[in-house]
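The residues making up each chain are set out below.
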Amino acid sequence: MKLKTIAINGVFAALYIAVTFFVQPFGFSNIQFRLSEIFNHLIVFNKKYFIGIVVGVILANFFYSPIVAYDLIFGVGQTVISLFITIITSKLIKGIIPRMIVNTIIFTASMFLIAIELKLAYGLPFPLTYLTTAVGEFVVMVIGIPIMYYLNKRVNFEKLI
């Protein structure tokens, strides 16, 4: 792996952690609004962002989660699975915005893993928890589409790494 790829992934991992810190009370409950999840859209530009996103999730969950062990399994697992599915589906989909829409759907649907986590950790009801976490993820990811699209116009994420 090139030094530039490692450095860029480190920057995005750090950004994920920093943004998670600022919305911390809203990122680790049954109503999640983890703004840092917009960085999940980086995967549609280049699969090399996988490491930076996953490292960011691991470290954010390790440092800020009140249920670290659960989050390191379920939260990281949800991210890894969703990123892999997005990498596979992105090969079949033309255009950045359609890929981000599919990525949003994948991440939203996979929030059932977070609902399972919260049921195990806190005994929260699965259906309601799945609904609230999925809605939060959906909103953040939808907000992220125009943000990442326009940032890409300035930065060119595909070639940056």
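Residues numbered from 1 in each chain as written. Predicted model: local features only at pLDDT ≥ 70, side-chain atom pairs only at ≥ 80, totals over all residues. Heavy atoms only, no water.

Let's talk about the overall build of the protein
Okay, step 1: Helix and strand counts for the protein stand at seven helices and zero strands.
Okay, step 2: Each helix (α) and strand (β) of the protein, taken in turn from the N terminus, gives the series α-α-α-α-α-α-α.
Okay, step 3: In terms of overall dimensions, the protein is globule-like: its C-alpha atoms have a radius of gyration of 15 Å, near the 15 Å expected for 161 residues.
Okay, step 4: Along the three orthogonal principal directions, the C-alpha set of the protein runs to about 45 × 30 × 25 Å.
Okay, step 5: Considering only contacts in the protein between residues 6 or more positions apart, those separated by 24 or more positions represent 71%. (Helix = DSSP H or I, 4+ residues; strand = E, 2+ residues; numbered from the N terminus. Rg over C-alpha atoms; globule rule 2.2 N^0.38 Å. Contact = heavy atoms within 4.5 Å.)

So, unusual backbone geometry
Okay, step 1: For Asn-156, which is not a glycine, the phi torsion comes out positive at approximately 60°.
Okay, step 2: Judged by relative accessible area, which is 31%, Asn-156 ranks as partly exposed. (Buried < 20%, exposed > 50% of the residue type's maximum accessible area, 1.4 Å probe, protein only.)

Looking at the side chain of His-41
Okay, step 1: Turning to its location among the elements, His-41 is positioned in the loop between α1 (3–22) and α2 (50–64).
Okay, step 2: Owing to a relative accessible area of 0%, His-41 belongs among the buried residues under this scheme.
Okay, step 3: For His-41, the side chain forms a polar contact with the side chain of Asn-103, separated by 3.2 Å.
Okay, step 4: Only 2.9 Å separates the side chain of His-41 from the backbone oxygen of Met-141, close enough to count as a polar contact.
Okay, step 5: When neighbours within four sequence positions are excluded, His-41 is seen to be in contact with Met-100, Asn-103, Thr-104, Met-141, Gly-144, Ile-145 and Met-148. (Polar contact = N/O pair within 3.5 Å; in protein donor to acceptor, adjacent residues only side chain to side chain.)

Quick notes on the environment of Lys-159
Okay, step 1: Within the fold, Lys-159 resides in helix α7 (residues 157–160).
Okay, step 2: Looking at Lys-159, the relative accessible area reads 62%, which means it is exposed.

Topic: the packing of aromatic side chains
Okay, step 1: In the structure shown here, the tally under the stated rule is twelve aromatic pairs.
Okay, step 2: Ring geometry for Phe-12 against Phe-157: centres 6.0 Å apart, planes inclined by 70°, an arrangement best described as edge-to-face. Separated by 145 residues along the polypeptide, Phe-12 in helix α1 and Phe-157 in helix α7 bring together distant segments of the chain.
Okay, step 3: Assessed through its relative accessible area of 11%, Phe-12 is described here as buried.
Okay, step 4: For the ring pair Phe-50 and Phe-84, a centre distance of 5.0 Å and an interplane angle of 35° mean the geometry is tilted. Highlighted residues: Phe-50 in helix α2 and Phe-84 in helix α3 (residues 68–90), separated in sequence by 34 residues.
Okay, step 5: Taking the relative accessible area as the measure of exposure, Phe-84 reaches 45% and is therefore partly exposed. (Phe/Tyr/Trp six-rings, centres within 6.5 Å; stacked < 30°, edge-to-face > 60°.)

What about the packing of α1 against α2?
Okay, step 1: It is at 8 Å that the axes of α1 and α2 come closest, and there the two elements cross at 35°. α2 is crossed by α1, and the crossing has right-handed handedness. Residue-level inspection shows Asn-9, Ala-13, Tyr-16, Ile-17, Thr-20 and Phe-21 of α1 in contact with α2, the latter providing Phe-50, Ile-51, Gly-52, Val-55, Gly-56, Val-57, Leu-59, Ala-60 and Tyr-64. (Axes fitted to C-alpha atoms, helices over the stretch in contact; angles between N-to-C directions. Left-handed = near helix turned anticlockwise from the far one by under 90°.)

With respect to the side chain of Thr-108
Okay, step 1: By secondary structure assignment, the location of Thr-108 is in helix α4 (residues 96–109).
Okay, step 2: Filtering out sequence-adjacent residues up to four positions away, Thr-108 remains in contact with Tyr-130, Ala-134, Glu-137 and Phe-138.

Details of a nonpolar patch on the surface
Okay, step 1: A surface patch of nonpolar side chains, amounting to about 950 Å² of accessible area, comprises Met-1, Leu-3, Ile-6, Ile-51, Val-55, Ile-58, Leu-59, Phe-62, Phe-63 and Leu-72.
Okay, step 2: Going through the elements one at a time, α1 and α2 are the ones with two or more residues in the nonpolar patch.
Okay, step 3: It is α2 that provides the largest number of residues to the nonpolar patch, a total of six residues.
Okay, step 4: Position of Val-55 among the secondary structure elements: in helix α2. (Patch = residues over 30% accessible without salt bridge, like charges linked within 9 Å, V, L, I, M, F, W, Y side chains within 5 Å. Areas by Shrake-Rupley, 256 points an atom, 1.4 Å probe, with all protein chains shown as cover. Salt bridge = Lys/Arg side-chain N within 4 Å of Asp/Glu carboxyl O.)

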